[in-house]
Amino acid sequence: ELLETVAKELNNVNVIIKIYMDYNATTPLEPEVIQAITEALRDAWGNPSSNYIAGAKAKAIISRSRENVARMVGGKAEDIIFTSGGTEANNLVLQTAVEYFRRNQRAAERDEGNHNGCTGLPHIITSNVEHDSVKLPAEHLQRDGKAEVTFVPVSKVTACVEVEDIIAAVRPNTCLISVMLANNETGVIMPVQEICQRIKSLNKQREQLRILLHTDAAQALGKIRVDACELGVDYLTIVGHKFYAPRIGALYVNGPGARTPLCPMLFGGGQERNFRPGTENTPMIAGLGKAAELVTSNLPDYESHMRSTKLYLEKRLKAVFKDKIHFNSHYPSSDILPNTCNVSILGPTLQGWRVLSSCTRLLASVGAACHSDSENRPSHILLSCGVPTEVAGNALRLSVGRGTTKEDVDAVVEDLRKTVQLLEEIN
Ligand SMILES: O=C(O)CC[SeH]
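Because the structure is a prediction, the values reported are computed rather than measured.

Caption draft 1: Structural detail: the side chain of Thr215. Locating Thr215 in the fold gives a position in strand E6 (residues 212–216). For Thr215, a relative accessible area of 0% translates into the label buried. A distance of 2.6 Å separates a polar atom in the side chain of Thr215 from the backbone oxygen of Val179. A distance of 3.0 Å separates a polar side-chain atom of Thr215 from the backbone nitrogen of Leu181. Excluding residues that lie within four positions of it along the chain, Thr215 makes contacts with Val179, Met180, Leu181, Val192, Leu231, Val233, Tyr235, Leu236 and Thr237.

In structure tokens:
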């Protein structure tokens, strides 16, 4: 009798199935990744530094994961340093650059004949559309008088940082250039390889300090092919929770402590060759390694599926909203991530936050998740890319994933259509 009652009640309940389209914010874990984590939790709980079987199991998992992460970015296992995530990796690069400058400055002071340009403060060049984990540490160093920073504005035509503008910003005391590989809101892919080629040529001519090269590849990994050696970077940031791995990260360093400086921010038990000490988080490292293995094996399929799904989404949005739609991720001559669609539905009552909070099925964001407390102000990223204020205020960042289907797209577009109709009727 109880079951019959429940069944009747369920028949009267409209179950609303949400549709996630915020994969640039974070991704769920692949089943194989969860399995790798679970097995490590169960079987490899030992301290990897311990010389008995429980420790050896953990050490073996870490070693295998390091190899898989290295393979995903075209590097060698010894080039991979595990970190807590992308924020730590990015901060480690900026701190290293400042310390690298200081060490050379002290050397030059000791050796009067050495004119390596290390006078005054270290100079860092970055773009004005970086993730906060590059932007804010750079601003902090600048505010604390520990570095000079040039935030090179992206072109308001291409939303890309222009190579010539980066080159023009170089000074004798420039020690680091950090430009993200792909932007998290527009999806625009930056000309990192060309920047690295030009700076490497410049480094050969400079008597001054070598300029170090970093890219935050958080949004690119798992979506497009990323090869650190082909890019020519000294450092490349790896963020697990953007490619179906757990909340852990890594930093690729081209020959850490040898070809490329790496100065630890933490000091402790010697793990990660003293570059990043602390007893290793074996289960999360296991998950990162498995996710990296899946990317290496399946990237063409992932990329192709996301691209076709995103293109279908854009086609459906155009068909339904016609001239009410503005694509904030369409720029002439710029390559865009295959999964990112940043759009604004034009209208005085259609602010992005209002539309998303009124949708019944769509789960997405108006911009970076870490800006979600921006009190509904238009994204500074979009404004920097030349998107007009009233258009940026209506932005919806839609980012599809490996499992997003055309049926999901149809449902989301219908949800948006109904929501826009409702908001325009009531206002
Ligand atoms: O949502 C984003 O774009 C970044 C979150 Se870490």
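Caption draft 2: The domain arrangement of the chain, seen in detail. Domains assigned within the chain are domain 1 (41–293) and domain 2 (297–426). One C-alpha centre belongs to domain 1, the other to domain 2, and the line joining them spans 30 Å. Between domain 1 and domain 2, the contact holds 30 residues from the first and 34 residues from the second. In total, about 2500 Å² of surface goes out of reach between domain 1 and domain 2, with carbon and sulfur atoms giving 55% of it. At the junction of domain 1 and domain 2, the tally comes to 0 salt bridges. Between the two partners, domain 1 and domain 2, sit 10 residue pairs in polar contact (both at pLDDT 80 or more).

Caption draft 3: Here's a closer look at the packing of aromatic side chains. Applying the stated rule across the entire model yields 2 aromatic pairs. Ring geometry for Tyr20 versus Tyr23: centroids 4.7 Å apart, planes at 75 degrees, classification edge-to-face. For Tyr20, a relative accessible area of 27% translates into the label partly exposed. The class of Tyr23 is buried, set by a relative accessible area of 12%. Summarising the aromatic geometry, the rings of Tyr23 and Tyr244 are spaced 6.2 Å apart at their centres and angled 25 degrees between planes, so their arrangement reads as stacked. Taken together, the residues Tyr23 in the loop between strand E1 (19–20) and helix H2 (31–43) and Tyr244 in the loop between strand E7 (235–239) and strand E8 (249–253) connect sequence positions 221 residues apart. Tyr244 shares its class with Tyr23; the two are buried. Each residue in the set Tyr20, Tyr23 and Tyr244 is aromatic and connected to the rest through ring pairs, giving one cluster.

Caption draft 4: Molecular detail of unusual backbone geometry. Positive phi, close to 55 degrees, is recorded for Arg273, a residue that is not glycine. In this structure, Arg273 sits in the loop between E8 and helix H9 (282–321).

Caption draft 5: Structural detail: the sheet that holds strand E10 (residues 340–345). Spatial ordering of the open sheet is given by E9-E10-E12, a layout of 3 strands whose pairing is antiparallel. For this open sheet the edge positions go to strand E9 (325–327) and strand E12 (395–399), each flanked by a neighbour on one side alone. The average undirected angle you get between the axes of adjacent strands in this sheet is 30 degrees. Bridging between E10 and E12 involves 5 bridges; their strand directions are antiparallel. Within E12, the residue paired with Ser344 across the bridge is Ala395. Strand contacts of H9: E9, E10 and E12, with the helix running at about 10 degrees to E10, the strand carrying the most contacts.

Cut-offs used in this document
Residues numbered from 1 in each chain as written. Predicted model: local features only at pLDDT ≥ 70, side-chain atom pairs only at ≥ 80, totals over all residues. Heavy atoms only, no water. Helix = DSSP H or I, 4+ residues; strand = E, 2+ residues; numbered from the N terminus. Buried < 20%, exposed > 50% of the residue type's maximum accessible area, 1.4 Å probe, protein only. Polar contact = N/O pair within 3.5 Å; in protein donor to acceptor, adjacent residues only side chain to side chain. Contact = heavy atoms within 4.5 Å. Domains from an automatic or database assignment. Buried area = accessible area lost by both parts, 1.4 Å probe. Salt bridge = Lys/Arg side-chain N within 4 Å of Asp/Glu carboxyl O. Phe/Tyr/Trp six-rings, centres within 6.5 Å; stacked < 30°, edge-to-face > 60°. Pairing = 2+ DSSP bridges. Axes fitted to C-alpha atoms, helices over the stretch in contact; angles between N-to-C directions.

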